[in-house]
Amino acid sequence: MHGLSNRIKWRDGFECPKCRHTKFCNGHKKHVRQCNRCNYLVSPTSGTLFHKVKFPLLKAFYIVYYISTNSKGISSTELSRKLGLRQKTCWLFKRKVMEAMKSSGNHKIEGNAEVDETVVGGQEEGVVGRKNERKKIVVFAVERKGKGISRLYGKVIPNSSAKELGAFMKSAIAPEAPIKTDEWTGYGPLKKEFSKLKQIPSGKKGANFPDLHRAIMGFKGWLRGIHHHAEHLQAYIDEYTYRFNRNFMKEKIFENLMKRMVEAPPCPYKTFNS
Ligand SMILES: [Zn+2]
């Protein structure tokens, strides 16, 4: 199974992480490569999100497969049942996969963009006590194409100020793109950076932004249907938008996510125990 990680990791040839030498011989362990110059041993999972996974790598690949190919993703409980691993183990590894689903920021919206903020959480079913009150503001941007939406991005923001909205928009939208927002004052100052930004009334229940609001409802509906943790909201947005934006390349999505897992730097579990 290390062979697959191996093929992806070294598809452009070997390079020693220590001394950048490109010649290697095979180490005494299967799939481990040894640098010809400094004798450094490199495992195919080192420097990837598969680093130090304590269960069979094949099962880890299956987790990536299920998350990328199920249109709604898969819960850690279901993964646990399918793969015979502890639920907590599945959740922690799934959280790493979600990390690899983060937007690269390389494909900014260039067409007709629409931006709006919404409140997520507050009345999550099955969550009792104070957690119930945790509301978060999320700003979403979509690209409209033809009759639908070709791209969706979202970010949890601490408040709806021009500074926060602007930072998100710069990461998601090209400066020359035509943008529509509602009349919220936070968008006003952003016309300096986005010259084609137009503010129009939102209309009754967002009637002037039907596609954007349908996309936001879609996300909220999905989130309600899974057992989620409010403190990981950004990761859920990343997971949802990753699949949403790759709806057109379904056959390649597993390969794409595997590549991201291999290229992403290792991410110790303690990062998520916030
Ligand atoms: Zn070396």
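Reading guide: rules and limits
Residues numbered from 1 in each chain as written. Predicted model: local features only at pLDDT ≥ 70, side-chain atom pairs only at ≥ 80, totals over all residues. Heavy atoms only, no water. Helix = DSSP H or I, 4+ residues; strand = E, 2+ residues; numbered from the N terminus. Buried < 20%, exposed > 50% of the residue type's maximum accessible area, 1.4 Å probe, protein only. Contact = heavy atoms within 4.5 Å. Areas by Shrake-Rupley, 256 points an atom, 1.4 Å probe, with all protein chains shown as cover. Lys, Arg positive; Asp, Glu negative; His and termini not counted. Charge placed at Lys NZ, Arg CZ, Asp CG, Glu CD. Donors = N, O, S within 2.8 Å, 3.2 Å for Na, K, Ca; no water. Tetrahedral: all angles 85-135°; square planar, octahedral: opposite > 155°, others 65-115°. Pairing = 2+ DSSP bridges. Salt bridge = Lys/Arg side-chain N within 4 Å of Asp/Glu carboxyl O.

Student: Can you help me understand the overall build of the protein in this one?
Tutor: When its secondary structure is counted, the protein shows eight helices and eight strands. Counting only C-alpha atoms and orienting by the principal axes, one finds that the protein spans roughly 70 × 45 × 35 Å. Considering the protein as a whole, with its 274 residues, one finds that 45% of them fall into the buried category. In the protein, once contacts between residues fewer than 6 apart in sequence are set aside, the share between residues at least 24 apart is 55%. With the model as given, the accessible surface of the protein reaches about 15,300 Å², and the carbon-plus-sulfur share is 52%. Counting 52 positive and 24 negative side-chain charges, the protein places the averaged centre of each group 8 Å from the other.

Student: When you look at the coordination of the zinc ion in this model, what are you seeing that I'm missing?
Tutor: Metal coordination angles in their ideal form are 109.5 degrees for the four-donor tetrahedron and 90 or 180 degrees for the six-donor octahedron. For the zinc ion, the full set of protein donor atoms is Cys16 (SG), Cys19 (SG), Cys35 (SG) and Cys38 (SG), at a range of 2.3 to 2.4 Å. Coordination at the zinc ion is tetrahedral, judged from the four donor atoms that bind it and the angles of 106 to 118° they form at the metal. Donor residues for the zinc ion sit on one chain with the sequence pattern C-x2-C-x15-C-x2-C. Pair noted here: Cys19 is in the loop between helix H1 (2–9) and strand E1 (24–26) and Cys38 is in the loop between strand E2 (33–35) and strand E3 (41–42), with a separation of 19 residues, a long-range link. The partly exposed category is assigned to Cys38, whose relative accessible area is 35%.

Student: I would appreciate a short explanation of the pairing of strand E6 (residues 148–157) in the present structure.
Tutor: Regular strands place side chains that alternate from one sheet face to the opposite one. As judged from the nine bridges shared by strand E5 (residues 135–145) and E6, these two strands associate in the antiparallel manner. By the bridge assignment for E6, Arg144 is matched with Ile149.

Student: I would appreciate a short explanation of the sheet that holds E3 in the present structure.
Tutor: Strand-to-strand pairing in sheets goes through backbone hydrogen bonds, with the strands running parallel or antiparallel. Sheet architecture is open: three strands sit in the order E1-E2-E3, paired in antiparallel fashion. The outermost strands of the open sheet, each flanked by one partner alone, are E1 and E3. Alignment of E2 against E3, held across two bridges, turns out to be antiparallel. Within the sheet, the bridge partner assigned to Arg33 lies in E3 and is Val42.

Student: I keep staring at the environment of Ile157 and nothing clicks. Help me out?
Tutor: By the secondary structure assignment, Ile157 is in strand E6. When sequence neighbours within four positions are dropped, the list of residues in contact with Ile157 reads Ile137, Val139, Glu164 and Leu165.

Student: Quick question: what am I supposed to make of the pattern of salt bridges here?
Tutor: One side chain can pair with another of opposite charge once the charged atoms of both are near each other. In total, this model carries 11 salt bridges according to the counting rule given. The shortest N-O distance in the salt bridge between Glu263 and Arg11 comes to 2.7 Å. With Glu263 in helix H8 (residues 253–263) and Arg11 in the loop between H1 and E1, this residue pair connects regions lying 252 residues apart in the sequence. For Arg11, a relative accessible area of 39% gives the class partly exposed.

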